[in-house]
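# A closer look at the structure
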Amino acid sequence: MPDFLEAVRCPLCGGALTAVPGGGCLRCASGHSYDLARAGYVNLLPPGKKNNAKTGDERDMIRARSEFLRRGFYDPIDETLASALADHAAGETEKPFRIADLGAGEGYHTCRTAAILAQKLGCPVDALGFDASKAGAEAGCRLAKSLGFLEKDGLAAPPEQWTSPVRAAVLPGNIFRLPLADHGMDAAMSLFAPVPWEEAARILTPGGILAVVSAGREHLVKMRAILYDEVRLTDFHPAPPEDFDKLTLLSRRTVSFPVTLSSQAQIAALFMMTPFYHRTGDAGRERLGALESLAVTAQIELSLWEAAV
Ligand SMILES: C[S@@+](CC[C@H](N)C(=O)[O-])C[C@H]1O[C@@H](n2cnc3c(N)ncnc32)[C@H](O)[C@@H]1O
Ligand SMILES: [Zn+2]
């Protein structure tokens, strides 16, 4: 088992997991066991919830998002995120920088952010994404493998066989009960996903950084104007409960970038990725469905939170 998977813990009892010799699974001392899938990941959703479809994104949404992301439309997010994290990280080190992606989807941002971070930091980066969607995790591991970030038999390969300074995997798991050891991660990232503040604070090293990316006030406003008769601009700043003192806000900033869509398929893919997909009526869908091109501005808010020292 590569050392980066030493970071994972049994989601039921928090115990360390070891590979069962010849057994295709990981097991804790209390006997909870987790299958090693051929895709190269281990399913760490608690038993009984292994095919969690309710909180997990549907397969077609994942496909649409992969399709959209691999065209690079949202790449500026990874550059912004990796630069911000690198600015706060300690100097160059031989030890891998460990980052967890909480609600990683199909791992596109997990892999890209890890790759840019490795360049900027000049050290290896180990990235572990978690998502409630098994389909998302499978897609994430496929992507990581295609990039050389996860070996074919990833979970069995000794660390010295890794050729890339970046190792990454996306595992099925619940971010509100993360199967990770206490204080073992240098950073955590949460992109367009629910933020598990308590769990993020638990897994971060003292002084470690949680980076939260959310939709800014004017995110995709032109698309919203097509979908709805009236567009209301509201501020939303993800934040922990008021009396929560395990993470301190370091900075908050807004970044905007253009997204130029040149086909109905691209427009539909972006639409499917947004929360608007679930709340738009027929008239709005029809208006958007009639377009063959659309130039919009994406606006994200990036906030950085430091774990108590
Ligand atoms: C809008 S998507 C964002 C995915 C990815 N971060 C991105 O930006 O492309 C939100 C993700 O959060 C995941 N999610 C929601 N609740 C979750 C939970 N309790 N545990 C794990 N993942 C969860 C969903 O399955 C979905 O993939
Ligand atoms: Zn256990």
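### Some thoughts on the pairing of strand 5 (residues 125–131)
Working note: regular strand, side chains alternate between the two faces of the sheet. The buried count for strand 5 comes to seven of seven residues, which makes it a mostly enclosed element. With burial as the criterion, each face of strand 5 is covered, one bearing Val-125, Ala-127, Gly-129 and Asp-131 and the other bearing Asp-126, Leu-128 and Phe-130. The pairing of strand 4 (residues 97–102) with strand 5 spans six bridges and is classified as parallel. Across the sheet, residue Phe-97 finds its bridge partner in strand 5, namely Val-125. For the crossover that starts at strand 4, traverses helix 3 (residues 108–121) and ends in the parallel strand 5, the hand is right-handed.

### Points about the coordination of the zinc ion (ligand 2)
Every protein donor of the zinc ion (ligand 2) is accounted for by Cys-10 (SG), Cys-13 (SG), Cys-28 (SG) and His-32 (ND1), and the metal-donor separations fall at 2.1 to 2.4 Å. What the four donor atoms of the zinc ion (ligand 2) show is an angle range of 100 to 120 degrees at the metal, which sorts the shape as tetrahedral. For the zinc ion (ligand 2), the donor residues sit on a single chain with the sequence spacing C-x2-C-x14-C-x3-H. One end of the pair, Cys-13, is in the segment before strand 1 (18–19); the other, Cys-28, is in the loop between strand 2 (25–27) and strand 3 (33–35), and 15 residues separate them in sequence. Given the relative accessible area of 40%, Cys-13 is considered partly exposed.

### A short note on the site of ligand 1
In the vicinity of ligand 1, 19 residues are found, and the nearest of them are Gly-103, Asp-131, Ala-132, Ile-175 and Leu-191. Note that an oxygen atom of ligand 1 is positioned 2.6 Å from one of the side-chain N or O atoms of Asp-131. A per-class count over the shell around ligand 1 returns nine nonpolar, seven polar and three charged.

About the thresholds
- Residues numbered from 1 in each chain as written.
- Chains lettered and ligands numbered in written order.
- Predicted model: local features only at pLDDT ≥ 70, side-chain atom pairs only at ≥ 80, totals over all residues.
- Heavy atoms only, no water.
- Buried < 20%, exposed > 50% of the residue type's maximum accessible area, 1.4 Å probe, protein only.
- Helix = DSSP H or I, 4+ residues; strand = E, 2+ residues; numbered from the N terminus.
- Pairing = 2+ DSSP bridges.
- Right-handed = clockwise from strand over helix to strand, strands pointing away.
- Donors = N, O, S within 2.8 Å, 3.2 Å for Na, K, Ca; no water.
- Tetrahedral: all angles 85-135°; square planar, octahedral: opposite > 155°, others 65-115°.
- Near = heavy atom within 4 Å.
- Polar contact = N/O pair within 3.5 Å; in protein donor to acceptor, adjacent residues only side chain to side chain.
- Nonpolar A, V, L, I, M, F, W, Y, C, P; charged D, E, K, R; others polar.

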